[in-house]
Amino acid sequence: VGLQPQANFFLDVFDWDVLHLIPSGAGTTASPPATLAMWIELCTVVFPCKLSLDGLGSTELMEMSSNLSTSRGQLFLGADAGISCDSQFGCTGVEVLHTDIICLDNPSSGTVEGPFAIFGAVQLQISNSSVRSCLSSGDGAIIYAEGGAVLDILHSTFSDSWAAVGGGAISVNGGLLNIYGSRFYNCSTGAQNADLISGVADDQDQGYGGALTTVGTQVRVIESLFSKCASSKGGGALSLSGGSILIAFSRFFQCGSGGDGGAIMSFGGAALEI
């Protein structure tokens, strides 16, 4: 399905398949970005299904404009908007390519989960994209995954996000997480920003993993950068519990924690190799 985004574009469950977001600069008239104003729960109509967001536009548009090689489509997320992919309902995966996603959460009310909620043995791939300005009153300001999902974060940037409990950008319980050639900037978790979301109280279980928190997960972080990430309790950039973790050719810059591990906190029998 190739759709031209309009202001306040309404994306619903009938638009699953491939959604082409037209990059700025495509054609003769710039198109306003698409806006998602609600939660989409895949799949409620067709079984099974996979959603793909492609910010390079359709093949026809790529042939029309030489600017597409340097432009990406945009998707704005309204307050309490996002995409839920649950294997129990037939969702097999979500793919985000060449897309800039901007959260428009009201600071007084963040969602419990980030804009991507992944459940079960499904696949999420975010490639050559960016996600910024997301808030969560729970775990994972951008991605929350549990139940054996496979997550691939490739050549992408997550920035300016905050979660109350853990994982200022990503929270994963089980499964496989691959991060390659990506950047995490100004991601945080815990009490320091608790006043942004009403009803969030600090306790001993909150504030771990400024950018990433994992439990029992196989993690590979390759050629990536964590910059200015922070947590109030532990793991200024990464909080890793159990599982196996490989970190190679990556950098941590100006990350900090109010507790253990200014950059990395590893516990619970995690097998960590750096």
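Residues numbered from 1 in each chain as written. Predicted model: local features only at pLDDT ≥ 70, side-chain atom pairs only at ≥ 80, totals over all residues. Heavy atoms only, no water.

**A look at the layout of surface pockets**
Vacant regions in the atomic arrangement are exposed by a probe of water-molecule size rolled over the atoms. Test applied: Using a 1 Å grid laid over the protein atoms alone, points where a 1.4 Å probe fits but cannot get out form a cavity; open sets with protein on both sides within 12 Å along at least 5 of 7 lines form a pocket; any residue with an atom within 4 Å of a point counts as lining. Grid points are joined across faces, edges and corners, and a volume is the space filled by probe spheres set on the points. Charged residues are taken to be Asp, Glu, Lys and Arg, nonpolar residues to be Ala, Val, Leu, Ile, Met, Phe, Trp, Tyr, Cys and Pro, and polar residues to be all remaining types, Gly included.
One number sums up the size of the largest pocket: a volume of about 180 Å³. In this structure, the largest pocket is lined by 13 residues; those nearest its centre are Asp139, Gly166, Ser171, Thr213 and Val215. The class makeup of the residues in the lining of the largest pocket is five nonpolar, six polar and two charged.

**Focus on unusual backbone geometry**
Which entries qualify depends on this criterion: Numbered from the N terminus, helices here are DSSP runs of H or I no shorter than four residues, and strands are runs of E no shorter than two. Relative accessible area decides the class of each residue, using a 1.4 Å probe on protein chains only: under 20% of the type maximum gives buried, over 50% gives exposed, and in between gives partly exposed.
With phi around 50 degrees, His98 is a residue other than glycine that occupies positive phi space. Structurally, His98 can be placed in the loop between β7 (91-97) and β8 (99-103). Among the residues examined, His98 registers a relative accessible area of 23% and is labelled partly exposed. We note that Phe249 has phi near 55 degrees; this positive angle belongs to a residue other than glycine. Looking at the secondary structure, you find Phe249 in the loop between β26 (244-248) and β27 (251-253). The exposure class assigned to Phe249 is exposed, which follows from its relative accessible area of 71%.

**Let's talk about the sheet that holds strand β3 (residues 39-42)**
Stated formally: DSSP-based pairing: two strands are paired if at least 2 bridges between them are found. Only the stretch in contact is used when fitting a helix axis, every axis being a line fitted to C-alpha atoms; angles between N-to-C directions are given from 0 to 180 degrees.
Taking strand neighbours across the sheet as the criterion, the eight strands line up as β3-β6-β9-β13-β17-β21-β25-β29 in an open arrangement whose pairing is parallel. Both edges of this open sheet fall to β3 and β29 (264-267), since each of them pairs with a single strand only. Between one strand axis and the next, the sheet turns through 5 degrees on average, direction left out of account. By the bridge criterion, four bridges tie strand β9 (residues 116-119) to strand β13 (residues 143-146) in an arrangement that is parallel. Directly across from Phe116, in β13, lies its bridge partner Ile143.

**Side note on the confidence of the model for the protein chain**
In plain terms, the rule: Within a predicted model, pLDDT stands for the predictor's per-residue confidence, ranging from 0 to 100. We call two residues in contact whenever any of their non-hydrogen atoms come within 4.5 Å of each other.
Scored by pLDDT, the protein chain has a mean of 82; 77% of the residues are at 70 or more. Predicted confidence for residues 1-15 stays below pLDDT 50, and this span has 43 contacts to residues more than four positions away or in other chains. Across residues 64-69, where pLDDT falls below 50, the model places 10 contacts with residues more than four positions away in sequence or in other chains.

**Description of empty space enclosed by the protein**
With the rule as written, the count across this model stands at two cavities of 30 Å³ or more. Looking at the second largest cavity, its volume works out to about 30 Å³. Around the second largest cavity, the lining residues are Leu53, Leu75, Leu77, Gly82, Ile83, Ile101, Pro115 and Phe116. Of all elements in the fold, only β5 (73-77) and β6 (82-86) reach the threshold of two or more residues within the lining of the second largest cavity. A breakdown of the residues in the lining of the second largest cavity according to their chemical character gives seven nonpolar, one polar and no charged.

**Points about the nonpolar core**
Here is the rule we go by: In plain words, nonpolar cores are sets of buried Ala, Val, Leu, Ile, Met, Phe, Trp, Tyr and Cys residues tied together by side-chain atoms within 4.5 Å.
Membership of the largest hydrophobic core comes to 53 residues, with the highest contact counts inside it found for Leu42, Phe116, Ile143, Phe158, Ile170 and Phe184. Not counting residues within four places of it along the chain, the set of residues in contact with Phe158 comprises Ile126, Val131, Ile142, Ile143, Ile153, Ala169, Ile170, Arg183, Phe184, Tyr185 and Cys187.

**Some words on the packing of aromatic side chains**
To keep things clear, this is the line we draw: Only Phe, Tyr and Trp rings are paired, with Trp represented by its six-membered ring, and only when their centres lie within 6.5 Å; those with planes under 30 degrees apart are stacked, over 60 edge-to-face, the remainder tilted.
Summed over all chains, the structure comprises four aromatic pairs. Between Phe158 and Phe184, the ring centres sit 5.4 Å apart and the planes meet at 85 degrees, which makes this aromatic pair edge-to-face. One end of the pair, Phe158, is in strand β15 (residues 157-159); the other, Phe184, is in strand β19 (residues 183-185), and 26 residues separate them in sequence. The burial state of Phe158 is the same as that of Phe184; both residues are buried. For the ring pair Phe184 and Phe226, a centre distance of 4.9 Å and an interplane angle of 5 degrees mean the geometry is stacked. In this pair, Phe184 is assigned in strand β19 and Phe226 in strand β23 (residues 225-227), connecting sequence segments 42 residues apart. By relative accessible area, which is 0% here, Phe184 ends up buried. Under the relative-accessibility criterion, Phe226 is labelled buried at 0%.

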